[in-house]
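# Structure at a glance
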Amino acid sequence: MARIRQQRTVLLAAIVIGLVALAAGMNKWAVLALLVLMLAIVLLNSMPAVQAKLAEPPEVEPEAPASLLPAVSATLAGLDIPVMLLSGDASVLFQNRAAEKAFGEVVIGAHISARLRSPGILDMVGETIATNAPNQIEHSERLPSERVYIVRSAPIDLGGTGNGERFFLLSFRDISEVRRIDRMRSDFVANASHELRTPLASLRGFIETIQGPAKNDPKAQERFLGIMFDQTTRMSRLVDDLLSLSRLELKSHIAPDEKVDLVPLLGHVRDALVPLATEVGVEVNLHLPEGKAEVLGDRDELVQVFENLMENACKYGQEGKVVDVHVKNASGEAVEVSITDKGPGIPAEHVPRLTERFYRVNIEDSRSKKGTGLGLAIVKHILTRHRARLIVKSEIGKGTEFTVRF
């Protein structure tokens, strides 16, 4: 109705035109149709114009790219080597659990120099940040224990993503074991060469003497030949032990799976050592449990272990005159074999190194008793393959106990 009131002038004009047309004799229905048409046109023209204009989408400002630090940190957290994530100013953004364990906790956001004060590492990190190129150095830590690391710094390539962040990775690869093995190998070669050089020099000297001054002296020749035989026997034992070590190292990762009863095995070893025990005046006593004492193992290698340990007890504990061998086989517990002598004992500082190759508490005493310095190293390798432990207890003046725990 408001629209009709707004257009009343036009409507009145239409009505007047209709009345004039009706008075002129025009058909009344035609006049009515004309008035309806005029009314419709008025109503349509009075409606507000609808703009067909399409609404333009509002301008949306692009969002800043999200930081990739959480994703990079989550990835590095799964590594088992120490790593630190650094920013462009060498501040620590993240360190994984391995780094915390190795170097202690670092305050996030602190400069790397707050924890690592090595000039070599700091210079390397600075050069990597400046040149965006990876670098690495060898670094040693002496406290709390001596460790050697290959420290590598490298930029992290984000592939054009991110918001301009620069990340640098500082990783530490522990090569302490490699360095220790290298030293052991060098020591082994030096010791093996020395052990072989001494009897070879003796043989050469005796051969020259027999060929020269003792050429016509049968008694001297007989004495020298006896010494030469002892030296060649010593070299033969040394070579045999070296070959045994080599074979054991090749199969150290393969655990034996045969059941071996230690009760008859120890009896066999004791019987084989009776001549030696009689010679040095020692009595070997076995204390065996009733029934069996079975373990998983290689019989020949276990014979070698207990022969070595009993022989050492007889040779180096002969002052005590008695060697006791005890076997413990309690239900639900590990099988243990203990070889105890009543000899002079071993100083405490020597005990941790007894299983090293060519290590001797007393060099002259060992050589006089025809030891090669490799016996306990062989024992250690055999027991490692058997997943067993060698426990040594010694007290000066009271004797030594070697226990094999399976």
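The rules behind the values
- Residues numbered from 1 in each chain as written.
- Predicted model: local features only at pLDDT ≥ 70, side-chain atom pairs only at ≥ 80, totals over all residues.
- Heavy atoms only, no water.
- UniProt positions renumbered as here; feature names shortened; annotations may be inferred.
- Salt bridge = Lys/Arg side-chain N within 4 Å of Asp/Glu carboxyl O.
- Helix = DSSP H or I, 4+ residues; strand = E, 2+ residues; numbered from the N terminus.
- Buried < 20%, exposed > 50% of the residue type's maximum accessible area, 1.4 Å probe, protein only.
- Pairing = 2+ DSSP bridges.
- Axes fitted to C-alpha atoms, helices over the stretch in contact; angles between N-to-C directions.
- Expected span 1.5 Å × (residues − 1).
- Polar contact = N/O pair within 3.5 Å; in protein donor to acceptor, adjacent residues only side chain to side chain.
- Parallel < 35°, antiparallel > 145°, perpendicular 65-115°, else oblique.
- Left-handed = near helix turned anticlockwise from the far one by under 90°.
- Contact = heavy atoms within 4.5 Å.
- Phe/Tyr/Trp six-rings, centres within 6.5 Å; stacked < 30°, edge-to-face > 60°.

For the chain, the name recorded in an unreviewed UniProt entry is histidine kinase, with Rhizobium gallicum as its organism. According to its UniProt record, the chain has this under Catalytic activity (unreviewed entry): "ATP + protein L-histidine = ADP + protein N-phospho-L-histidine." UniProt's Subcellular location (unreviewed entry) comment on the chain is quoted here verbatim: "Cell membrane".

### Regarding the pattern of salt bridges
Summed over all chains, the structure comprises 13 salt bridges. Of the charged contacts in the structure, one is a salt bridge between Arg179 and Glu138, with a shortest N-O distance of 2.7 Å. Of this pair, Arg179 sits in helix 7 (residues 176-211) while Glu138 sits in strand 3 (residues 135-141), and the two are 41 residues apart along the sequence. Overall, Arg179 belongs to the partly exposed group, its relative accessible area being 28%. Residue classification places Glu138 among the partly exposed residues on the basis of a relative accessible area of 45%. Taking the shortest distance from any N to any O, the salt bridge between Arg204 and Glu208 comes out at 3.4 Å. Placement of both Arg204 and Glu208 in helix 7 is noted, with a separation of 4 residues, approximately one turn of the helix. Arg204 sits in the exposed class, given a relative accessible area of 59%.

### Some points on the sheet that holds strand 2 (residues 92-95)
Sheet strands line up and pair through hydrogen bonds in the backbone, either parallel or antiparallel. If you walk across this open sheet you meet the 5 strands as 2-1-5-4-3, and the pairing is antiparallel. The sheet terminates laterally at strand 2 and strand 3, the two strands that pair on one side only. Each strand axis lies, on average, 20° off the axis of its neighbour in the sheet, ignoring direction. Sheet topology places strand 1 (residues 83-86) next to strand 5 (residues 168-174); 4 bridges connect them, and they run antiparallel.

### What about helix 11 (residues 299-316)?
One full turn of an α-helix is made of 3.6 residues, so residues set three or four places apart face in the same direction. Here helix 11 contains 18 residues, and its C-alpha end-to-end distance of 26 Å stays within 8% of the 26 Å for a straight helix at 1.5 Å per residue. Turning to helix 11, its buried residues are Glu301, Leu302, Val303, Val305, Phe306, Asn308, Leu309, Met310, Ala313, Cys314 and Lys315. The residue sitting at the N-terminus of helix 11 and contributing the capping side-chain oxygen is Asp298; that oxygen lies 3.1 Å from the backbone nitrogen of Asp300.

### Considerations on the packing of helix 9 (residues 262-272) against helix 11
Relative orientation of the contacting elements helix 9 and helix 11 amounts to 50°, with a least axis distance of 10 Å. Taken together, the axes of helix 9 and helix 11 are oblique relative to one another. The element helix 9 and its partner helix 11 pack so that their crossing is right-handed. On helix 11, the residues touching Leu262, Leu265, Leu266, His268, Val269, Arg270 and Ala272 of helix 9 are Arg299, Leu302, Val303, Phe306, Glu307 and Met310.

### Details of the side chain of His139
Along the chain, His139 falls in strand 3. Accessibility expressed as a relative area gives 10% for His139, which makes it buried. Here the side chain of His139 touches Glu141 through a polar contact of 2.9 Å, side chain to side chain.

### With respect to the packing of aromatic side chains
How two aromatic rings sit relative to each other is set out by the distance from centre to centre and by the angle between their planes. Within the structure shown, the criterion is met by 4 aromatic pairs. Relative to Phe172, the ring of Phe103 has its centre 4.5 Å away and its plane inclined at 50°; by these criteria the two rings are tilted. Within this pair, whereas Phe103 is found in helix 5 (residues 97-103), its partner Phe172 is found in strand 5, the two being separated by 69 residues in sequence. Among the residues examined, Phe103 registers a relative accessible area of 3% and is labelled buried. Taken together, the ring pairs in this structure connect Phe103, Tyr149 and Phe172 into an aromatic cluster.

### Points about unusual backbone geometry
One non-glycine residue, Asn132, lies in positive phi territory at about 60°. Judged by its relative accessible area of 44%, Asn132 falls in the partly exposed class. Of note, the phi angle at Arg387 is positive, near 55°, even though the residue is not glycine.

### Considerations on the environment of Glu165
Mapped onto the elements of the fold, Glu165 is located in the loop between strand 4 (147-155) and strand 5. Given the relative accessible area of 24%, Glu165 is considered partly exposed. With 98 residues separating them in the primary sequence, Glu165 and Ser67 have C-alpha atoms 7.7 Å apart. Dropping the residues within four chain positions of it, Glu165 is found in contact with Ser67, Leu68, Leu69 and Leu158.

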